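Here is what each chain is made of, one letter per residue.
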Amino acid sequence: FRFNNLELFMSGEIDILIKGPKYNPVTGTGKWIVENKTYGGQNYTMKKDLLGSRDQNPKPKDANLLQSFIYLLTFKEQADTVVLNYIDRSCSGPENNKEFHIKLHEEDGEFYPKITTTDFYGSEYRYIDRRITYSGIKSRFDALVEFLKNDEIPLPEFQHRYTDSQIQEKYKLG
């Protein structure tokens, strides 16, 4: 179904909305949002990123994680989990499909996505992605709206060329 989030000046469409294990019919809380994505299992790098390996933990694509996080922020009164499914469209086997459960994690007044999945060996793997925050998303959207109001082109998020000192500074920051 379609939705609008006026606070973030965006709209979207949810694939599937289901009753989660903690669904409460009286309050309408405890629903799960299910997002299905496909990927080509023949792409080794994509497969390794999504499924993980002996030396790398699995992780969803950043754009899909951001989408899921915004859905949770929009529907936090009703939905407590986004189930993000990756289905291998090359049909090489069910072991190449992956499921991530994404929830909101609040810490010191800030919201972050908390991701749960299984690692390469099948053990539960959880982490909080601190690169993505509600305040970060909100400030970027607010800045974009200001550019649009002023009929200006937004600044690019990257430079085509960096000076040696900029490279060293970015390296120090990680």
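In short, a report on the structure. Here the structure is a predicted model, which means the values were calculated and not measured. (Residues numbered from 1 in each chain as written. Predicted model: local features only at pLDDT ≥ 70, side-chain atom pairs only at ≥ 80, totals over all residues. Heavy atoms only, no water.)

## Brief notes about the pattern of salt bridges
- All told, the structure shown has nine salt bridges when counted by the stated rule.
- The residue K48 makes a salt bridge to D55 at a minimum N-O spacing of 3.8 Å.
- A residue is classified by how much of its surface remains accessible, and K48, at 22% relative accessible area, is partly exposed.
- Look at D55 and you get exposed, because its relative accessible area is 65%.
- Two residues, R131 and D129, come together in a salt bridge whose shortest N-O distance is 2.8 Å.
- Judged by relative accessible area, R131 falls into the exposed class, the value being 58%.
- The exposure class assigned to D129 is buried, which follows from its relative accessible area of 7%. (Salt bridge = Lys/Arg side-chain N within 4 Å of Asp/Glu carboxyl O. Buried < 20%, exposed > 50% of the residue type's maximum accessible area, 1.4 Å probe, protein only.)

## Describing the packing of aromatic side chains
- Within the structure shown, the criterion is met by six aromatic pairs.
- Summarising the aromatic geometry, the rings of Y86 and F100 are spaced 5.9 Å apart at their centres and angled 90° between planes, so their arrangement reads as edge-to-face. Of the two residues, Y86 is situated in strand β5 (residues 79–88) and F100 in strand β6 (residues 98–107); the sequence distance between them amounts to 14 residues. No difference in accessibility class separates Y86 from F100, as the two residues are buried.
- Between F120 and Y121, the aromatic rings sit 5.2 Å apart at their centres with planes inclined by 90°, giving edge-to-face as the arrangement.
- Assessed through its relative accessible area of 37%, F120 is described here as partly exposed.
- Pairwise contacts between aromatic rings join F1, F3, Y71 and F75 into one cluster.
- If you follow R130 out to its NZ or CZ, it ends over the ring of Y112, 5.1 Å from the centre. (Phe/Tyr/Trp six-rings, centres within 6.5 Å; stacked < 30°, edge-to-face > 60°. Helix = DSSP H or I, 4+ residues; strand = E, 2+ residues; numbered from the N terminus. Lys NZ or Arg CZ within 6 Å of the ring centre and 35° of its normal.)

## Brief notes about the pairing of strand β2 (residues 10–13)
- Relative to β2, strand β1 (residues 2–5) runs antiparallel, the two being bridged by four bridges. The residue bridging N5 from the neighbouring strand is M10, located in β2.
- Count of turn residues in the β1/β2 antiparallel hairpin: four residues, of which F9 carries a positive phi of about 55°. (Pairing = 2+ DSSP bridges.)

## Comments concerning a nonpolar patch on the surface
- A grouping of F158, Y162 and I167 is seen on the molecular surface, where their side chains present a nonpolar patch of about 300 Å² in accessible area.
- Along the chain, the position of Y162 falls in the loop between α3 (134–149) and α4 (164–173). (Patch = residues over 30% accessible without salt bridge, like charges linked within 9 Å, V, L, I, M, F, W, Y side chains within 5 Å. Areas by Shrake-Rupley, 256 points an atom, 1.4 Å probe, with all protein chains shown as cover.)

## Side note on α3
- For α3, with 16 residues, the first-to-last C-alpha span of 22 Å sits near the 22 Å given by 1.5 Å per residue.
- What α3 keeps buried is the set Y134, I137 and V145. Seen from one end, α3 has its buried residues packed into an arc of 70°, which puts them on one side.
- Elements in contact with the buried residues of α3: α2 (62–74) and β7 (110–118).
- Looking one or two residues beyond α3, the residue adopting positive phi is D151, at roughly 55°. (Expected span 1.5 Å × (residues − 1). Arc of directions from axis to C-beta. Contact = heavy atoms within 4.5 Å.)

## Things to note about unusual backbone geometry
- One non-glycine residue, D108, adopts positive backbone phi at about 55°.
- Relative to the helices and strands, D108 is located in the loop between β6 and β7.
- Phi at D151 takes a positive value of approximately 55°, unusual for a residue other than glycine.
- You can see D151 is positioned in the loop between α3 and α4.
- Take D151: its relative accessible area is 72%, and that puts it in the exposed class.

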